[in-house]
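In case you want the letters, here they are:
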Amino acid sequence: MKLLLVVAVALVDADGRVLISERPQGKALAGLWEFPGGKIEPGERPERSLIRELKEELGIDVEEPCLAPLTFASHAYEEFHLLMPLYVCRRWKGSVQPVEGQRLAWVRPTKLRDYPMPPADEPLIPALIDLLAPL
Ligand code: C5P
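Residues numbered from 1 in each chain as written. Predicted model: local features only at pLDDT ≥ 70, side-chain atom pairs only at ≥ 80, totals over all residues. Heavy atoms only, no water.

1. Some details on the overall build of the protein
Piece 1. Check the secondary structure of the protein and you find two helices and seven strands.
Piece 2. Counting from the amino terminus, the protein carries its helices and strands in the arrangement β-β-β-β-α-β-β-β-α.
Piece 3. Rg of the C-alpha trace for the protein: 14 Å, near the compact-globule value of 14 Å for 135 residues, within the 12% margin.
Piece 4. Across its three principal axes, the protein shows a C-alpha extent of roughly 40 × 30 × 30 Å.
Piece 5. Sequence-distant contacts, at least 24 apart, represent 65% of the contacts inside the protein between residues at least 6 apart.
Piece 6. Total accessible area on the protein is roughly 7500 Å²; 54% of this is exposed by carbon and sulfur atoms. (Helix = DSSP H or I, 4+ residues; strand = E, 2+ residues; numbered from the N terminus. Rg over C-alpha atoms; globule rule 2.2 N^0.38 Å. Contact = heavy atoms within 4.5 Å. Areas by Shrake-Rupley, 256 points an atom, 1.4 Å probe, with all protein chains shown as cover.)

Encoded structure:
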């Protein structure tokens, strides 16, 4: 089966909330909420893909040292197997904007389950709760 490599990020604000983005109508899994990101281009380093996608989708600038991989999603969809590292980013330049008209939400990790997500994204939630739980 084809392997699809996608990067995703949990942008975390000063209050410990995480950004999720609604997949637009006309795309696969429309209406579900995902961690922002996108496909890794052939020959591209994952961190570079993420920097590119965050600029394209949210209009923000992220620096590579701000990105830390937290965990991986691995899910067998019908047409491909998805492998998706989740990065965490707490610092960026610019204000987050829905460049592609997508709906955005800042959500506490424990409330992420209130938003329907693609099956690959949902298993990432516990790692975020663990990371961001108040000490
Ligand atoms: O975003 P894009 O449509 O390019 O992603 C390709 C595929 O990867 C989606 O159709 C979806 O199956 C999967 N995906 C996912 N979770 C994400 C991003 C993509 O399951 N956060």
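2. Concerning the layout of surface pockets
Piece 1. Of the voids in this model, the largest pocket is the one considered here, and its volume is about 450 Å³.
Piece 2. Lining the largest pocket are 22 residues, with Leu4, Val6, Arg23, Glu34 and Leu82 positioned closest to its centre.
Piece 3. Among the secondary structure elements, those contributing two or more residues to the lining of the largest pocket are strand 1 (3-11), strand 4 (37-39) and strand 6 (81-89).
Piece 4. Broken down by element, the lining of the largest pocket gets its largest block of residues, four residues, from strand 1. (1 Å grid on protein atoms, 1.4 Å probe; cavity = no way out; pocket = protein on both sides within 12 Å on 5 of 7 lines; lining within 4 Å. Points joined across faces, edges and corners; volume = space filled by probe spheres on them.)

3. Digging into the sheet that holds strand 2 (residues 18-22)
Backbone hydrogen bonds hold the strands of a sheet together, and the pairing may be parallel or antiparallel.
Piece 1. In space, the three strands of this open sheet follow the order 3-2-7, with antiparallel pairing throughout. Where the open sheet ends on each side, the last strands, each with one partner, are strand 3 (33-34) and strand 7 (104-107).
Piece 2. In the sheet, strand 2 pairs with strand 3 via two bridges, with the strands oriented antiparallel. Opposite Glu22, over in strand 3, you have Trp33 as the bridge partner. (Pairing = 2+ DSSP bridges.)

4. Observations regarding the side chain of Glu47
Piece 1. For Glu47, the location among the structural elements is in helix 1 (residues 46-58).
Piece 2. Within the local environment of Glu47, its side chain forms a polar contact with the side chain of Tyr87, the two groups lying 3.2 Å apart.
Piece 3. In contact with Glu47, not counting residues within four places along its chain, are Glu64, Leu67 and Tyr87. (Polar contact = N/O pair within 3.5 Å; in protein donor to acceptor, adjacent residues only side chain to side chain.)

5. Description of the nonpolar core
One broad rule of soluble globular proteins: the nonpolar side chains tend to lie buried together.
Piece 1. Grouped together as the largest cluster of nonpolar side chains are 24 residues, with contacts concentrated most on Ile20, Phe35, Met84, Leu112 and Leu128.
Piece 2. If you list the elements that add at least two residues to this core, you get strand 1, strand 2, strand 6, strand 7 and helix 2 (125-132).
Piece 3. Core analysis: the second largest hydrophobic core is formed by 15 residues, Val7, Leu58, Ile60 and Tyr87 among them. (Core = buried A, V, L, I, M, F, W, Y, C linked by side-chain atoms within 4.5 Å. Buried < 20%, exposed > 50% of the residue type's maximum accessible area, 1.4 Å probe, protein only.)

6. Digging into the packing of aromatic side chains
Given two aromatic rings, their pairing is described by the distance between the two centres and the angle made by the two planes.
Piece 1. Per the stated rule, a full pass over the model turns up three aromatic pairs.
Piece 2. Ring plane angle 50° and centroid distance 5.3 Å describe the contact between Tyr77 and Phe80, whose orientation is recorded as tilted.
Piece 3. Ring centres of Trp92 and Trp106 lie 6.1 Å apart, and the angle between their planes is 15°; this geometry places the pair in the stacked category. Taken together, the positions of Trp92 in the loop between strand 6 and strand 7 and Trp106 in strand 7 put the pair 14 residues apart, joining distant regions of the chain.
Piece 4. Under the relative-accessibility criterion, Trp92 is labelled partly exposed at 23%.
Piece 5. Residue Trp106 is classed as partly exposed on the basis of its relative accessible area of 30%. (Phe/Tyr/Trp six-rings, centres within 6.5 Å; stacked < 30°, edge-to-face > 60°.)

7. Points about the site of the ligand
Piece 1. Around the ligand, the structure places 16 residues, and the nearest of them are Arg23, Glu34, Lys39, Tyr77 and Asp121.
Piece 2. Measuring from an oxygen atom of the ligand, one finds a side-chain N or O atom of Lys39 at 3.0 Å.
Piece 3. At 2.6 Å, a side-chain N or O of Asp121 approaches a nitrogen atom of the ligand.
Piece 4. Surface burial for the ligand is 88%, taken as the share of its 440 Å² of free accessible area covered by protein chains.
Piece 5. If you map the ligand onto the pockets, it falls in the largest pocket.
Piece 6. Going through the elements one at a time, strand 1 and strand 6 are the ones with two or more residues in the shell around the ligand.
Piece 7. Across the shell around the ligand, the residue classes tally to eleven nonpolar, no polar and five charged. (Near = heavy atom within 4 Å. Sits in = over half its atoms within 2 Å of the grid points. Nonpolar A, V, L, I, M, F, W, Y, C, P; charged D, E, K, R; others polar.)

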